[in-house]
Amino acid sequence: MTRQTAVSATNRFGLGARPGELAGLAGLADPQGWLLAQLHPGAPPAALAGLPTSLEVLQQDIALQQARREARQNGGDKPTGLVKALRQGQVRELALRHQVAVESQASFVERMVRFWSNHFAVSLDKPVAAPYAAPMEREAIRPHVIGRFGELLLAVETHPAMLRFLDNARSVGADSMVAMRARRRNPDKAPGLNENLAREILELHTVGANGGYTQADVTELAKAITGWGVPMPQDFKRGQVHSAFVFRANAHEGGARTVMGKRYPQAGMDQGKAVLAQLAVHPATARHVSSKIARHLISDAPPPGVVEAMTRAWLKTDGDLASVYATLIRHPAAWGAQARKFKTPDDFVVSALRAGGRPDDRRPQALATLLNRMGQPTLTPRSPAGFEDDAAQWSGPDALWKRVQSAQALAEAVPEALLDPLGTAQAVFADTLDADTLTALRRAESPRDGLALLFASPAFQWRT
């Protein structure tokens, strides 16, 4: 084992070394073993236990909308208490999300949770989806992060966050019972097909923009998933709600569908599920998503041989993600001298907190403010494509200056007793840190200034 491979295991594949983590790796013959040992299902993080389910959030949301309507109609007070409760729940979950990342001893898995949340991007800036974005990560992504991609795909596409963010909850088949009744009442206001989710499933989530699909495939997939939505207030009144997802048979477009050359004769919800299952194991999906994983874990231009090996593992195992990750981890090219990634703002903040201390639970908004300033507000990519994952996006002059400012803020938050810049450098980089940075740390006017210099150093900006 070399010191650099241990550093790479914790800092590039993981979220950044914590104090003592590299020392613990010293007992392993190969740091790959530390990563591979994480590829087994484990209990969900204890810190996230007890958070409201999407169904509970939906009930709160419906109560809020009802209270707002009543206030408008009757001229009463605005339901500020309900708004505050819903907002406080969101802030608390986002703070706990950071806490889990900072404290995790399985940071490769945590990195992949964040990767998939960005791959299946939902943005908090769309109000109808915002309350469900963090629960989607907890309910749909975490349980499947080392399972089969097909199960992950179905869980995400049927989650209220995705259904609302990409408007599928409002998508209705033109020949469905709902559409026919609506046309009889008012032909000018009849609901119709919405293709947003279907388009992003193909372009972003599965086969990719160059995966060989056509506009006709988008339309056919959109028809196959009509009726996939969320419960409405009347469903609760009837006592018909059992989860935050509902399939409305009377909104579904009946008939067989053909997507990317394959015919799907199934009826009802089974049709959309069958299409997703096939897309999950499509060769174009295997290549597109494997390439994204390799780009995230290795470099902006990952070695083609690694992507090829991952694609083969995907197709051989029907999209078993643990096998795909393991193929990358075991590949020698994944550990080459050119393997490194420039940290996104989220990476930068989390790695600094792991190195120098934990987030201040008394000020959960402080991290949000920091990430907003750096250009990566938590779960707010403002695009279904998610945040960019390359150095060019995050390494401009203004972005680097904001990192220097953020490095100072992060160092200011570290308790006095934990201020040890040289010890922190050793804990994160072992003996691999460059001589110039070490000299700067030794010459710093104070331990706090030294820690700020470490966080702002060029070396700390990269996952090497």
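Preceding block: the structure.
Scope of this entry: the structure provided in the associated data block.

Conventions adopted
- Residues numbered from 1 in each chain as written.
- Predicted model: local features only at pLDDT ≥ 70, side-chain atom pairs only at ≥ 80, totals over all residues.
- Heavy atoms only, no water.
- Helix = DSSP H or I, 4+ residues; strand = E, 2+ residues; numbered from the N terminus.
- Polar contact = N/O pair within 3.5 Å; in protein donor to acceptor, adjacent residues only side chain to side chain.
- Buried < 20%, exposed > 50% of the residue type's maximum accessible area, 1.4 Å probe, protein only.
- Contact = heavy atoms within 4.5 Å.
- Core = buried A, V, L, I, M, F, W, Y, C linked by side-chain atoms within 4.5 Å.
- Expected span 1.5 Å × (residues − 1).
- Phe/Tyr/Trp six-rings, centres within 6.5 Å; stacked < 30°, edge-to-face > 60°.
- Lys NZ or Arg CZ within 6 Å of the ring centre and 35° of its normal.
- Axes fitted to C-alpha atoms, helices over the stretch in contact; angles between N-to-C directions.
- Parallel < 35°, antiparallel > 145°, perpendicular 65-115°, else oblique.
- Left-handed = near helix turned anticlockwise from the far one by under 90°.
- Nonpolar A, V, L, I, M, F, W, Y, C, P; charged D, E, K, R; others polar.

### Things to note about the side chain of His119
Now for step 1: Here His119 lies in helix 6 (residues 107–119).
Now for step 2: Looking at His119, its side chain comes within polar contact range of the side chain of Lys292, at 2.9 Å.

### Re the environment of Leu154
Now for step 1: Looking at the secondary structure, you find Leu154 in helix 8 (residues 149–157).
Now for step 2: When its relative accessible area of 25% is taken as the criterion, Leu154 is described as partly exposed.
Now for step 3: Linking Leu154 and Ala140, residues 14 residues apart in sequence, is a C-alpha distance of 8.6 Å.
Now for step 4: What Leu154 contacts, discounting residues up to four positions off in sequence, is Trp228, Lys273 and Leu276.

### Structural notes on the nonpolar core
Now for step 1: Counting residues in hydrophobic clusters, the biggest one holds 90 residues, and the most contacted among them are Trp116, Phe149, Ile293, Tyr325 and Leu328.
Now for step 2: Aside from chain neighbours lying at most four places away, what touches Ile293 is Met112, Phe115, Trp116, Met310, Tyr325 and Leu328.
Now for step 3: Membership of the second largest hydrophobic core comes to 25 residues, among which are Leu353, Ala355, Met374 and Leu419.

### Brief notes about helix 16 (residues 304–316)
Now for step 1: The first and last C-alpha atoms of helix 16 sit 18 Å apart over 13 residues, in line with the 18 Å expected at 1.5 Å per residue.
Now for step 2: For helix 16, the complete set of buried residues consists of Val306, Val307, Ala309, Met310, Thr311, Ala313 and Trp314.
Now for step 3: Summarising the contacts, the buried residues of helix 16 are in contact with helix 8, helix 14 (269–280), helix 15 (283–297) and helix 17 (321–330).
Now for step 4: Directly beyond the C-terminal end of helix 16, a positive phi value near 55° is found at Asp318.

### Examining unusual backbone geometry
Now for step 1: Although it is not a glycine, Asp318 sits at a positive phi angle of roughly 55°.
Now for step 2: In this fold, Asp318 is placed in the loop between helix 16 and helix 17.
Now for step 3: Asp318 sits in the partly exposed class, given a relative accessible area of 47%.
Now for step 4: Look at Arg382: it is not a glycine, yet its phi comes out positive at around 65°.
Now for step 5: Structurally, Arg382 is set in the loop between helix 19 (364–374) and helix 20 (391–394).

### A short note on the packing of aromatic side chains
Now for step 1: On inspection of all chains with the given rule, the structure shows 13 aromatic pairs.
Now for step 2: Look at Phe455 and Phe460: their rings are 5.2 Å apart centre to centre, the planes differ by 50°, and that puts the pair in the tilted class. Each member of the pair, Phe455 as well as Phe460, carries the same accessibility label: buried.
Now for step 3: Taken together through their ring pairs, the aromatic side chains of Phe115, Trp116, Phe120, Phe149 and Trp314 make up a single cluster.
Now for step 4: Cation over ring: Lys262 sits above Tyr264, and NZ or CZ is 5.9 Å from the ring centre.
Now for step 5: Sitting over the face of the ring of Trp462, Arg340 holds its NZ or CZ atom 3.6 Å from the ring centroid.

### What about the packing of helix 15 against helix 16?
Now for step 1: At a minimum axis separation of 8 Å, helix 15 and helix 16 run at an interaxial angle of 135°. Compared by their axis directions, helix 15 and helix 16 come out oblique. Between helix 15 and helix 16 lies a crossing whose hand is right-handed. For the pair helix 15 and helix 16, the contacting residues are Pro283, Thr285, Ala286, Arg287, Val289, Ser290, Ser291, Ile293 and Ala294 in the first and Val307, Glu308, Met310, Thr311, Trp314 and Leu315 in the second.
Now for step 2: Here the contact of helix 15 with helix 16 is composed, by residue class, of nine nonpolar, four polar and two charged.

### Some remarks on the packing of helix 7 (residues 130–141) against helix 8
Now for step 1: At a minimum axis separation of 9 Å, helix 7 and helix 8 run at an interaxial angle of 145°. Crossing handedness for the pair helix 7 and helix 8: right-handed. Residue-level contacts link Met136, Ala140 and Ile141 of helix 7 to Leu152, Ala155 and Val156 of helix 8.
Now for step 2: A per-class count over the contact of helix 7 with helix 8 returns six nonpolar, no polar and no charged.

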